[in-house]
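Here is how the chains run, residue by residue.
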Protein chains: 4
Amino acid sequence: MKNRIHKTLSFREKEFKLSPWQLKIQEVIYGTYTKAGKNFDIILLITILLSIIIVMLESVSYLNLKYSFTFFTLEWIITIFFTIEYILRIISLRKPMTYIFSFMGIVDFLSILPSYLSLFVDGTTSLMLLRSIRFLRIFRILRLSRYMLGADILGEALKNSRHKITVFLISILTIVIILGGLMYVIEPKEAGFTSIPRSVYWAIITITTVGYGDIAPVTPLGQALASFIMLFGYAIIAVPTGIVSSEFTSLKSGDVKEFECHNCGETGHEKTAQFCKSCGYELKK
Amino acid sequence: MKNRIHKTLSFREKEFKLSPWQLKIQEVIYGTYTKAGKNFDIILLITILLSIIIVMLESVSYLNLKYSFTFFTLEWIITIFFTIEYILRIISLRKPMTYIFSFMGIVDFLSILPSYLSLFVDGTTSLMLLRSIRFLRIFRILRLSRYMLGADILGEALKNSRHKITVFLISILTIVIILGGLMYVIEPKEAGFTSIPRSVYWAIITITTVGYGDIAPVTPLGQALASFIMLFGYAIIAVPTGIVSSEFTSLKSGDVKEFECHNCGETGHEKTAQFCKSCGYELKK
Amino acid sequence: MKNRIHKTLSFREKEFKLSPWQLKIQEVIYGTYTKAGKNFDIILLITILLSIIIVMLESVSYLNLKYSFTFFTLEWIITIFFTIEYILRIISLRKPMTYIFSFMGIVDFLSILPSYLSLFVDGTTSLMLLRSIRFLRIFRILRLSRYMLGADILGEALKNSRHKITVFLISILTIVIILGGLMYVIEPKEAGFTSIPRSVYWAIITITTVGYGDIAPVTPLGQALASFIMLFGYAIIAVPTGIVSSEFTSLKSGDVKEFECHNCGETGHEKTAQFCKSCGYELKK
Amino acid sequence: MKNRIHKTLSFREKEFKLSPWQLKIQEVIYGTYTKAGKNFDIILLITILLSIIIVMLESVSYLNLKYSFTFFTLEWIITIFFTIEYILRIISLRKPMTYIFSFMGIVDFLSILPSYLSLFVDGTTSLMLLRSIRFLRIFRILRLSRYMLGADILGEALKNSRHKITVFLISILTIVIILGGLMYVIEPKEAGFTSIPRSVYWAIITITTVGYGDIAPVTPLGQALASFIMLFGYAIIAVPTGIVSSEFTSLKSGDVKEFECHNCGETGHEKTAQFCKSCGYELKK
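What counts and how
- Residues numbered from 1 in each chain as written.
- Chains lettered and ligands numbered in written order.
- Predicted model: local features only at pLDDT ≥ 70, side-chain atom pairs only at ≥ 80, totals over all residues.
- Heavy atoms only, no water.
- UniProt positions renumbered as here; feature names shortened; annotations may be inferred.
- Least-squares fit on C-alpha atoms with pLDDT ≥ 70 in both.
- Phe/Tyr/Trp six-rings, centres within 6.5 Å; stacked < 30°, edge-to-face > 60°.
- Buried < 20%, exposed > 50% of the residue type's maximum accessible area, 1.4 Å probe, protein only.
- Helix = DSSP H or I, 4+ residues; strand = E, 2+ residues; numbered from the N terminus.
- Axes fitted to C-alpha atoms, helices over the stretch in contact; angles between N-to-C directions.
- Parallel < 35°, antiparallel > 145°, perpendicular 65-115°, else oblique.
- Contact = heavy atoms within 4.5 Å.
- Nonpolar A, V, L, I, M, F, W, Y, C, P; charged D, E, K, R; others polar.
- Salt bridge = Lys/Arg side-chain N within 4 Å of Asp/Glu carboxyl O.
- Polar contact = N/O pair within 3.5 Å; in protein donor to acceptor, adjacent residues only side chain to side chain.
- Buried area = accessible area lost by both parts, 1.4 Å probe.

Chain A goes by Ion transporter in an unreviewed UniProt entry, where it is assigned to Brumimicrobium aurantiacum. For chain A, the Subcellular location (unreviewed entry) comment in UniProt is given as "Membrane".

As structure tokens, then:
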């Protein structure tokens, strides 16, 4: 793996003429196979987690009063670290524009902006909200961890079954809208069913088995209908599970797909097949 | 696909003598493969969604007071659109009676009726309830989306496992009735267990893991029994999932089973296979 | 099927000397394949359902006041019907003792007893509770419906996985006891965590995702632990599902089990096997 | 099995020179195949369960007042039993240090300590908390039951899918943090969303479908977002299930793949097969 990266890097070097120190930075920041790259990833991961924890704790009013200076200091240390990282990311690329206007690039920029703005503007609340954008940096953690654990099978299974899950969600929405409308007619407004959207909200709470209890039917007919929704929701929770399960199962036996016919190039032969299913040519495994 | 439709249409033309403009309308309204047909489907879909959203928003009292004129206007635009669509659907068919008395035909008719009735009758509440029938037009969206995404496997899996799911639901009902009866005996009426139907309602809330909390056991024995119901419900939620999952898995590899080699009798060829995977003999389907 | 029953019946006739009318009754009551047997099953099913609904409605106090005479009449009609059925079940069998002391036999007897007792004893409440035993007759419905829909695969899948589900439930109990004990230490008594059993009850409510909300953590540490329990419960709900799913999947491909070796009697050969896996004898299918 | 143990024991005897009575104790305490060993396991299991039930009941204040002497007596009987067991465990081993400093060894020691400490120290509350450590002995039950039912497949399936479940949990955490932050901004503090950690706590309650209802959105926008979270959580509960299900399925058919026929190379023979199912050649395992 390391070899492949070095090859790619030297290839890139010739073509785009990045100076050696730029390549070194690139290897550390974007690479994940070298030791320095791995360490950088881990440090970045911890810093992002720390920055998110600080934003979260700052929102707790009594902690904010007590440790406001600690938060302020940590905030600036992290901001400076992120700023340096942002600059290094840009200068180590030949085409920095692609990164700057990518989703992660914009998130990276927006996560350092609020701290600098606070020097000029006054109004902590709106700035704190802005600082919440830093939360989106958590996606970098997600991507890293997914990468490290080599479990992209998860995303693939979800992607393969997106059509079926969409149909499933549309079906659920159809049901909750009709049932919500019915409950609005059946139940008195005092029970919380004050409008159809609110009744639909209640139907979603019920069919997904969340069940807050802030809105609950009080008439016998309403309770009977609610029972029906619950049992229905209980029985059809099987559907998305079945979709994804069968997807996982077929992805797991997916190493079968490797067999390729040397005559016509057809793939996807079963493990026990002796002849190509497309051209009848004998398979040499 | 497009070819097949044209063939069908010209065949129909000869037999039933529909004039060319009727065929044109039919192609747009009922067809889904031509560009005009697709566009019509999308416009219809948006209009239905819009009409449902309006009925929903009208039920929110403060919005109804504020925007009553906007709602009124949009209501009539949609009604006129649906009326034209309804008339076109009828005149473009040779046997319109089949459509008129079909489920969708009745829904289509009932969804335009209330607006016209409001011209003669006075009594907004009951009319608004009638207008809720328009919600059933959502099924057209459901059918379209299911069709477009080619995921009828969903309905098929549910249909194949309907027997097992029925038995499962009867089992659940048996359990909730017995447990509901028990809780009625155990718990005081003050805790909400005022009658057996109400106790059964509570048992359904609990076994499906919805858990509103409007009725909750207060005695130690009742709480112990409730714990048992919860753990039981938690363990058997696996059953419908297992049913549907195995159905999906077998549907995924299902159509394969039919093909049989006429030379060696080997079965289990994939749908796209042209030669027997065991002996290389050409498959005649 | 009908043939087999007739054969069995005539065989039984010779051996035990049941008179023809006894055999006729037996066929109607115990048989399910003849028309008379089926009709009897359906009438019995409806009567049991009706008797359960009456007991349920009687528990609703305002209905009981209003329709007490109707309930009384229906109660006695059903009691007489059940009494006749009970007597016929006994006299149509050669060894009635087996039936009388079986689970269903005792339930059948107990479900007619309370009505007769009410003639001599006074004290409606305790009698009504006794009458709830009639609820157990619902198991006859369950057995019938399971039989009619031919879905014994359900019970089999659960039976096969009972060991794993037991281990799973013991694991869950271990976790809720430890977490319940922890929450008792962490949370104040005012939040509802007044004793360890109550805390364990809360942990069960939480881990099974029921969530009544009658007891809920209020301290940050308690809420953090609760979050952990929820995520944990969410992740491991997969386990029983996985167990039962894989059981269903293997039961579905279970028709394989029919192949039997004509040499050694070994069963369980795969569909594609050509030789007995135990003795190497060629399989003739 | 019994043979193997005896062989192991006599082998150990030669090497480490344990006296015969030590070996006898070892067989009873650590063995599970001899009758004495099984009986000891069952007695230990019951005693642990009893000790846990006592600690639980002691925490119920009115029971503690009423039966304090009974609890005190049982407490000491169990403590003495556990003390003897602990001493026997140590003296019947050649290298007792390994056991003493193992997890179970420390738990065994800590579970007898509090009772003895109560002789010298005064302060019931803190001692009762210490006594809760006895709860951890429940793991011995868990291990035993798992062993007895031969269902280690459960732990294995979970272990195999730990990477995917970790990624899944990180994804969930990412989502609840972002959604919790959003809800903190949208909802007023009066609805319970007083800080981001609390909002995240609410998001976890919602996405796992627990739904206490102690915190619930009140604004239309918040309720819309909550609906989205619920439907999302409902759709993705399929993911861990799919992971574990496919793991179970492959574990079930897993050990089969190893056998290969030395004559025709056919694989996929069942564990109990003695002849190749394709050519009838004897399988040499």
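More follows now that the structure is in view.
For the rest of this paragraph, the subject is the relation of the copies chain D and chain A. Between chain D and chain A, which share one sequence, the superposing operator has a rotation angle of 90° and an axial displacement of 0.0 Å; the RMSD is 0.1 Å. These values place the two chain copies in the arrangement generated by a four-fold rotation axis.

This brings us to the packing of aromatic side chains. Counted under the stated rule, the structure contains 24 aromatic pairs over all chains. Centre to centre, the rings of Phe 193 of chain A and Trp 202 of chain A are 5.2 Å apart; their planes meet at 70°, and the pair counts as edge-to-face. For the pair Phe 193 of chain A and Trp 202 of chain A, a shared accessibility class is recorded, and that class is buried. Between Trp 76 of chain C and Tyr 116 of chain C the ring centres are 5.5 Å apart and the planes differ by 75°, which places this aromatic pair in the edge-to-face class. One end of the pair, Trp 76 of chain C, is in helix H5 (residues 68-91); the other, Tyr 116 of chain C, is in helix H8 (residues 113-120), and 40 residues separate them in sequence. Note on Tyr 116 of chain C: relative accessible area 30%, which makes it partly exposed. Within the aromatic cluster, the residues linked to one another by ring pairs are Tyr 86, Tyr 99 and Phe 109 of chain A.

This part is about the packing of helix H12 (residues 162-186) of chain D against helix H14 (residues 220-236) of chain D. Residue and element names in this part refer to chain D. H14 packs onto H12 with a crossing angle of 170° between their chain directions and a minimal axis gap of 10 Å. Regarding the angle of H12 to H14, the classification is roughly antiparallel. Residues Phe 168, Ile 172, Ile 175, Leu 179, Leu 182, Met 183 and Ile 186 of H12 form the contact with H14, whose own contacting residues are Leu 221, Gly 222, Leu 225, Ile 229, Phe 232 and Ile 236. Across the contact of H12 with H14, the residue classes break down as twelve nonpolar, one polar and no charged.

All right, on to the pattern of salt bridges then. Enumeration according to the criterion identifies six salt bridges over all chains in this entry. Two residues, Arg 89 of chain C and Asp 108 of chain C, come together in a salt bridge whose shortest N-O distance is 4.0 Å. Of this pair, Arg 89 of chain C sits in helix H5 while Asp 108 of chain C sits in helix H7 (residues 103-110), and the two are 19 residues apart along the sequence. Note on accessibility: Arg 89 of chain C and Asp 108 of chain C belong to one class, buried. Among the salt bridges present, the one from Arg 89 of chain D reaches Glu 85 of chain D, with a minimum N-O distance of 2.7 Å. With Arg 89 of chain D and Glu 85 of chain D both in helix H5 (residues 68-91), this residue pair falls four residues apart, about one helical turn. Taken individually, Arg 89 of chain D and Glu 85 of chain D each receive the classification buried, so the pair is uniform in this respect. It is possible to trace a salt-bridge network through shared partners that takes in Glu 85, Arg 89 and Asp 108 of chain A.

All names here are of chain A. Taking the relative accessible area as the measure of exposure, Asp 108 reaches 3% and is therefore buried. Within the structure, Asp 108 has its side chain in polar contact with the side chain of Tyr 99 (distance 2.6 Å). Apart from the residues lying within four places of it in its own chain, the contact partners of Asp 108 are Tyr 86, Arg 89, Tyr 99, Arg 137 and Arg 140.

Before going further, it helps to examine the environment of Ile 46 of chain A. One can find Ile 46 of chain A in helix H3 (residues 35-58). The spatial distance from the C-alpha of Ile 46 of chain A to the C-alpha of Ile 141 of chain A is 9.1 Å, given a sequence separation of 95 residues.

The subject of this paragraph is the interface of chain D and chain A. Chain D puts 46 residues into the contact, and the matching count from chain A is 46 residues. When chain D packs against chain A, the two sides together hide about 3,900 Å² of surface, and 76% of this comes from carbon and sulfur. Ranking the residues of chain D by area buried against chain A places Met 230, Leu 231 and Tyr 234 of chain D at the top, with a combined share of 18%. There are zero salt bridges connecting chain D and chain A. Taken together, the connections running from chain D to chain A amount to three residue pairs in polar contact (both at pLDDT 80 or more).

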